[in-house]
Each structure stands twice: as structure tokens, then as C-alpha cells.
Amino acid sequence: MTSVFNPRNKIIANLDSVLPLLRGKNPSPVLIEVDPSNACNHGCYFCISSYIHLPESKDLETFDRSVMKRDMLMKLCESFVKMGVKAVNWTGGGEPTINPHLKEAIAYLGQHGVKMGMFTNGTLLDKHDLFETLVDNMSWVRFSIDAGTEKTYNSVRRSRPNQDWNKMMSNLKRLISLNKEKGNKIDIGVGFVITPDTYGEIIDYANTFKELDVKYCQLKPEIVNIEREDGVQRNVEFWEKVQPVIEQAKQILGDKFAINEYKLEDLKNDPDFFGRVYKKCLGSQIQPCVGADGHVYVCPNLRGYKQYSYGSLKDSTFEDIWNNVQFREKIMYNIEEVECFSNCTQLCKPHESNKMIWEVRENLDNEAYMNGLVKQFESSDIEHKEFI
Ligand SMILES: C[S@@+](CC[C@H](N)C(=O)[O-])C[C@H]1O[C@@H](n2cnc3c(N)ncnc32)[C@H](O)[C@@H]1O
Ligand code: SF4
Ligand code: SF4
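Small disclaimer: the values here were computed from a predicted structure and weren't measured.

J.: How do you make sense of the nonpolar core when you look at a structure like this?
T.: Grouped burial of nonpolar side chains is what soluble globular proteins tend to show. By size, the foremost hydrophobic cluster in this structure holds 94 residues, and its most contacted members are V88 and M116. With near-sequence residues (within four places) excluded, V88 lies in contact with I32, V34, F80, L109, V114 and M116.

Below you can see the structure in the form of C-alpha cells.
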């Protein structure tokens, strides 16, 4: 099996959607990031959605703590099934499990064969009793931890009592145990965003979570979104300081160790452009984002900004919004040709897919390259391939 965290290979594994896109068709999205809730019960200082829900953002135009209503959420799921969307990531915005209708939506998509993953802080799984629904329907669930000790976890996340480290740990253990009982149906992992405030606990994190029956312990370089510290990424000196600690974590974790290495390479090797060589953001055209406010956004990084919305589910169905190609092209023209990506977060989520799809686009007439790609597509055995 090839690594789960390899966006280039995942683009190749989804060539059946990528090639129609490059040939001017309008394929259904492969993966949709859905925010069931913009509200969050935590307040992580480094949160990539800081401008949407953190208390200090309350005067911003983007501040919005909507929780998607049942009717909108279920209609959205019906559109996904009808359109043959391959996968959904439940994420945020805020904390997905705040939405009381999430359980029903997961069961519905599961019944209809849509693959699902979820990013969660995990502290509310017991509130809506999500354990069984998750194990029966998801491909994976990743708990965001971002600390190695109770004290730092509770302080970095500004967690309330009873929705804190202890609750996260007990919910994680309960999910792991139910999953085991049911024959390890889903992949349960943990994640750690490396920031100047958290990197000191990478080793504690590795030591603590290697003991649990998680599939992987991921380390993920922080992305400084454009709304924080002017969107300036951490410098090379910081990553040089972090590198030996990462190496140590690798030793501790063995095959549970996982990292988004490509981001580190861009951070170190290209501090000006971070590898943004592409002229079009084609990755977003197979992996859009639906906000809890009902808007269909170009991508998760631009969620909350109405100028990057293809339309609202209050006015149309997801299908109609997606099929209005002319309007979508107008929004993308603005991002690519007018703004020249100036409002785009560096190292944004579809960044790596963008690089790969751009490479394919540049080589469409290169017979040897394309033959090689098709061969790789045909023999691809990548796990969770829909989760680009
Ligand atoms: C914004 S959260 C929303 C879902 C849920 N509340 C959670 O924390 O998992 C989605 C993912 O983004 C990650 N994340 C948050 N801030 C980040 C940052 N500045 N850089 C990189 N990843 C970040 C979280 O660790 C999580 O995996
Ligand atoms: S739990 Fe998730 S959404 Fe909430 S503040 Fe932390 S990273 Fe952001
Ligand atoms: S932030 Fe990234 S994914 Fe979003 S539009 Fe810009 S380049 Fe595309």
C-alpha cells in the first residue's frame, strides 16, 4: 500500500475525474469538505478557522457561528448521492460534532456508499452518542490533539471542564475499543499541528499516543492563515529547530509516525512562493467546501468570504450551484487572473493537488508521460484514495 498522506499519488488515483476536468468537462467533486458547524467548543489559538469563530474575531465580517440546520444538511447529502460524490470530510469551520443532526447525515451517506472521514477534537462524541455511527460508517476519524500533556492541551485549546483532555482521552479510548470489538472497521488516528507553542510537546505526544491502539500519529506543520500574523509562515530557523524533534518522534513512533513532509519541503526550499508554481487552482475544482452558513466555497481556506462563494444552499441545491459552471469560472478568474492568488493562504489544503494537476495539464500532449500516468492509475492500490 502507498502512503495515505501522499496527495500526488491520490491525484493519479483519481485520474478518472482529473482528466475530464482538464478536458473541459464538469465532473462531480471527488471529495467535499463539509462544515456542519462554525461554532466550536474549543478555542485553539492557531486555528485555521480563527477568523470565523474565535472570540477575538467577533468584530470581523467573517465571524459566523452558524450550525447547519437539519433540512439543509440532509438535502445537501441527497445531492451528493445523486451526483456520485465519492467522499465527504466532516470538518470545520468549527467542531463538526456540535451539530445535533450529524449522526443522521453520517448514517444516510453511509447507507448510500459515500465514503467519509472526520476531523474532530473528540470531546463531544459522547454528547450525541456518535461512537457506533462512526465505526459503522466512516473510513477514518482523526482526533486533533496538538499537545502532549493535559496542561498544555487545556491551555492551547482553551477548553472548558468536561470538554478537556480527560474527556478527549476517554472518548478516544472508547472509540478505539468499540472499533476493535467490531473488527477494526475504521482507521482512527491522532493529529498534532506543529506551532511555536506546541512543538515542545512533540515527544510527550509521541510517547503518550504510541501506547494507544491508533493507526497513526500525524505531525502537521502549522499553516499560518492569512488572517493571523499577516499570513507569514514560520521561518526556516523555526523548522530547523523542529527537525531533530521530529526525527526523535519518528524513532519513538515507528510505523505509527506520519507527517505531511511536502509542506516542510516547500517551507524550507521556497520561502518566497512555497512552491506555488501553478497558474490555475484546479485542485479546488474537485474538492470544494460547504460552509455551515450554507455557502458553497471554492476551498476550505476561503470559507467564510462571500466573494469566493459559488452560491448559497438557501437559494439553490448543491447540484445546481455546481452545474453553474459559468459563475464558478468567474469566481476562479478573479482568484487566478485578477488577484493572482494574493488572498490565498500559502500551503493551502489543495496546494499539493494543485501542483500535481498543473503538471498533468502541462503534459497532456506528452504521450510518454500520459501513458505512464494511466499505467500508475490502473495499478493504483492507494488506501483512502478519495480523500485527496
Ligand atoms: C479547523 S479543524 C476543524 C475540525 C475540528 N474542530 C478539529 O479541530 O479537528 C480541521 C483540521 O485543521 C487542523 N488545523 C487547525 N489549525 C491549523 C493550522 N493553523 N494549520 C494546519 N492545520 C490546522 C486541525 O488540527 C484539524 O485537523
Ligand atoms: S477544535 Fe478545531 S475548529 Fe475548534 S478551535 Fe481547535 S482547530 Fe479550530
Ligand atoms: S487558497 Fe488554495 S485552494 Fe483556495 S483558491 Fe487559493 S490556491 Fe485555490
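J.: How should I be thinking about the packing of helix α9 (residues 202–209) against helix α10 (residues 236–253) in this particular structure?
T.: The relative placement of two packed helices is expressed as an angle between their axes plus a distance between the axes. Axis separation between α9 and α10 bottoms out at 9 Å; the angle between their running directions is 10°. The pairing of α9 with α10 is recorded here as roughly parallel in orientation. From α9, I202, I203, A206 and N207 reach across to α10, where they touch V245, I246, Q248, A249, I252 and L253. The class makeup of the residues in the contact of α9 with α10 is eight nonpolar, two polar and no charged.

J.: Just to check I follow, could you spell out the packing of helix α4 (residues 70–83) against helix α5 (residues 102–111) for this structure?
T.: Look at α4 against α5: their axes get within 10 Å of each other, and the N-to-C directions meet at 15°. The angle between α4 and α5 falls in the class roughly parallel. Two packed elements cross with a definite hand, and for α4 against α5 that hand is right-handed. Where α4 approaches α5, its residues L73, M74, C77 and F80 are matched on the opposing element by A105, Y108 and L109. Residue composition of the contact of α4 with α5, grouped by class: seven nonpolar, no polar and no charged.

J.: How should the sheet that holds strand β4 (residues 140–144) be read in this particular structure?
T.: Adjacent strands of a sheet pair through backbone hydrogen bonds, lying either parallel or antiparallel. Pairing in this open sheet of ten strands is mixed, and the strands run β7-β6-β5-β4-β3-β2-β1-β8-β9-β10 from one edge to the other. For this open sheet the edge positions go to β7 (257–259) and β10 (309–312), each flanked by a neighbour on one side alone. Judged from the two bridges that link them, strand β9 (residues 295–297) and β10 form a sheet pairing that is antiparallel. Among the inter-strand pairings, H295 is bridged to a residue of β10, identified as S312. Across the face of the sheet, α10 comes into contact with β5 (187–194), β6 (216–221) and β7 while running at roughly 145° to β7.

J.: Looking at this structure, I do not really get α5. What am I missing?
T.: Helical geometry note: an α-helix holds 3.6 residues per turn, so side chains three or four residues apart project in the same direction. Buried within α5 we find L102, A105, I106 and L109. Down the axis of α5, the buried set is contained in an arc of 100°. They therefore lie on one face. Positive backbone phi, at 75°, marks G113, one or two positions downstream of α5.

J.: Whenever I open this one, the pairing of strand β3 (residues 115–120) confuses me. Can you help?
T.: For a regular strand, the rule is simple: side chains alternate between the two faces of the sheet. The buried count for β3 comes to five of six residues, which makes it a mostly enclosed element. Pairing between strand β2 (residues 87–90) and β3: four bridges, direction parallel. Within β3, the residue paired with A87 across the bridge is K115. Read as a crossover between parallel neighbours, the route from β2 over α5 to β3 is right-handed. In terms of strand pairing, β3 meets β4 through four bridges, oriented parallel. Residue pairing for β4: F119 is matched across the bridge by R142.

J.: How should the environment of K241 be read in this particular structure?
T.: In this structure, K241 sits in helix α10. Exposure remark for K241: the 12 C-beta atoms within 10 Å place this residue in the exposed category. Here the alpha-carbon distance between K241 and Y199, two residues 42 residues apart in the chain, equals 9.4 Å.

J.: Teacher, can you tell me more about the environment of I176 here?
T.: Checked against the element boundaries, I176 lands in helix α8 (residues 165–181). Taking the C-beta count within 10 Å as the criterion, I176 has 17 such neighbours and is therefore assigned partly exposed. I176 has contacts with I188, L212, D213 and V214, leaving out every residue within four places of it along the chain.

Criteria and thresholds
Residues numbered from 1 in each chain as written. Chains lettered and ligands numbered in written order. Predicted model: local features only at pLDDT ≥ 70, side-chain atom pairs only at ≥ 80, totals over all residues. Core = buried A, V, L, I, M, F, W, Y, C linked by C-beta atoms within 7 Å. Buried ≥ 20, exposed ≤ 12 C-beta atoms within 10 Å, placed from the backbone. Contact = placed C-beta atoms within 7 Å. Axes fitted to C-alpha atoms, helices over the stretch in contact; angles between N-to-C directions. Helix = DSSP H or I, 4+ residues; strand = E, 2+ residues; numbered from the N terminus. Parallel < 35°, antiparallel > 145°, perpendicular 65-115°, else oblique. Nonpolar A, V, L, I, M, F, W, Y, C, P; charged D, E, K, R; others polar. Left-handed = near helix turned anticlockwise from the far one by under 90°. Pairing = 2+ DSSP bridges. Arc of directions from axis to C-beta. Right-handed = clockwise from strand over helix to strand, strands pointing away.

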